[in-house]
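Chain and residue survey
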Amino acid sequence: MDRPGVLGDLLGGEISDRILRRSGDLLKARRNVVMLGFLGSFLCMVPVFLTHDLVPIILSLGAALFFAEIVFGPTWSIPMDIAGKFLGTAAGMMNTSSALAATPSPIPYGYIIAQTGNRQPPFPCSLRLTLLR
């Protein structure tokens, strides 16, 4: 079930819009919510590496999904904020670039897993990449 994700989507947009209404600062409204989402998702993934108990792992993954989805409302608002009549082009370019960036990741991850025989090494790589966005 994707309930945490749906709640994160809704909350991210709501928080971002409320910050914008209160402060009038687009940068603060978009950037801060995106940073909160990525940081929260990263922190929620850490317990996955510290335990083998499934219940905390499941709860951590659900919380990480929630925070990761908080990012989407503000992220998709940015083209609307800056592109004007070229909104469709800007949003399409944003979507295409993110897909192109993610497409090759299975190749090095598969190589790492094949060389080590361990499925865990790609996860810290993904976490680090999330923080670098």
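What counts and how
- Residues numbered from 1 in each chain as written.
- Predicted model: local features only at pLDDT ≥ 70, side-chain atom pairs only at ≥ 80, totals over all residues.
- Heavy atoms only, no water.
- Helix = DSSP H or I, 4+ residues; strand = E, 2+ residues; numbered from the N terminus.
- Buried < 20%, exposed > 50% of the residue type's maximum accessible area, 1.4 Å probe, protein only.
- Contact = heavy atoms within 4.5 Å.
- Areas by Shrake-Rupley, 256 points an atom, 1.4 Å probe, with all protein chains shown as cover.
- Lys, Arg positive; Asp, Glu negative; His and termini not counted.
- Charge placed at Lys NZ, Arg CZ, Asp CG, Glu CD.
- Salt bridge = Lys/Arg side-chain N within 4 Å of Asp/Glu carboxyl O.
- Expected span 1.5 Å × (residues − 1).
- Polar contact = N/O pair within 3.5 Å; in protein donor to acceptor, adjacent residues only side chain to side chain.
- Axes fitted to C-alpha atoms, helices over the stretch in contact; angles between N-to-C directions.
- Parallel < 35°, antiparallel > 145°, perpendicular 65-115°, else oblique.
- Arc of directions from axis to C-beta.

**Here's the deal with the overall build of the protein chain**
Across its full length, the protein chain carries seven helices and zero strands. Judged by the C-alpha coordinates and their principal axes, the protein chain covers about 50 × 30 × 25 Å. The buried share among the 133 residues of the protein chain stands at 23%. A sequence separation of at least 24 residues applies to 52% of the contacts in the protein chain between residues at least 6 apart. Total accessible area computed for the protein chain in this model is approximately 9,100 Å², and 69% of it derives from carbon and sulfur atoms. Side chains of the protein chain give 11 positive and 8 negative charges; the mean places of these two sets differ by 5 Å.

**As for the pattern of salt bridges**
Summed over the entire model, instances satisfying the criterion amount to two salt bridges. Between Arg30 and Asp17 there is a salt bridge, and its shortest N-O distance comes to 3.7 Å. Of this pair, Arg30 sits in helix α2 (residues 26–45) while Asp17 sits in helix α1 (residues 3–23), placing them 13 residues apart in sequence. Given the relative accessible area of 7%, Arg30 is considered buried. With its nearest N and O atoms 2.7 Å apart, the salt bridge here joins Arg30 to Asp81. Taken together, the residues span a long stretch of sequence, with Arg30 in helix α2 and Asp81 in helix α4 (residues 72–82) at a distance of 51 residues. Residue Asp81 is classed as partly exposed on the basis of its relative accessible area, which comes to 29%. Sharing partners across several salt bridges, the network here consists of Asp17, Arg30 and Asp81.

**With respect to α2**
Given 3.6 residues to a turn, an α-helix orients residues that are three or four positions apart in the same direction. Under the 1.5 Å per step criterion, the end-to-end length of α2 is 29 Å for 20 residues, consistent within 8% with the ideal 28 Å. One side-chain oxygen at the N-terminal end of α2 lies 3.1 Å from the backbone nitrogen of Leu27; it belongs to Asp25.

**A look at the packing of α1 against α4**
The N-to-C vectors of α1 and α4 enclose an angle of 55°; their axes lie 7 Å apart at closest approach. Put simply, α1 runs oblique to α4. Touching Asp9, Gly12, Gly13 and Ser16 of α1 are Phe72, Gly73 and Pro74, all from α4.

**Brief notes about α1**
For α1, with 21 residues, the first-to-last C-alpha span of 30 Å sits near the 30 Å given by 1.5 Å per residue. Along α1, the residues that are buried comprise Gly5, Gly8, Gly12, Gly13 and Ser16. One side of α1 carries all its buried residues, which in axial view fall inside an arc of 125°. In this structure, α1 carries Arg3, Val6, Leu7, Leu10, Arg21 and Arg22 as exposed residues pointing more than 90 degrees from its buried face. Of the surrounding secondary structure, the elements contacted by the buried residues of α1 are α2, α3 (54–70) and α4.

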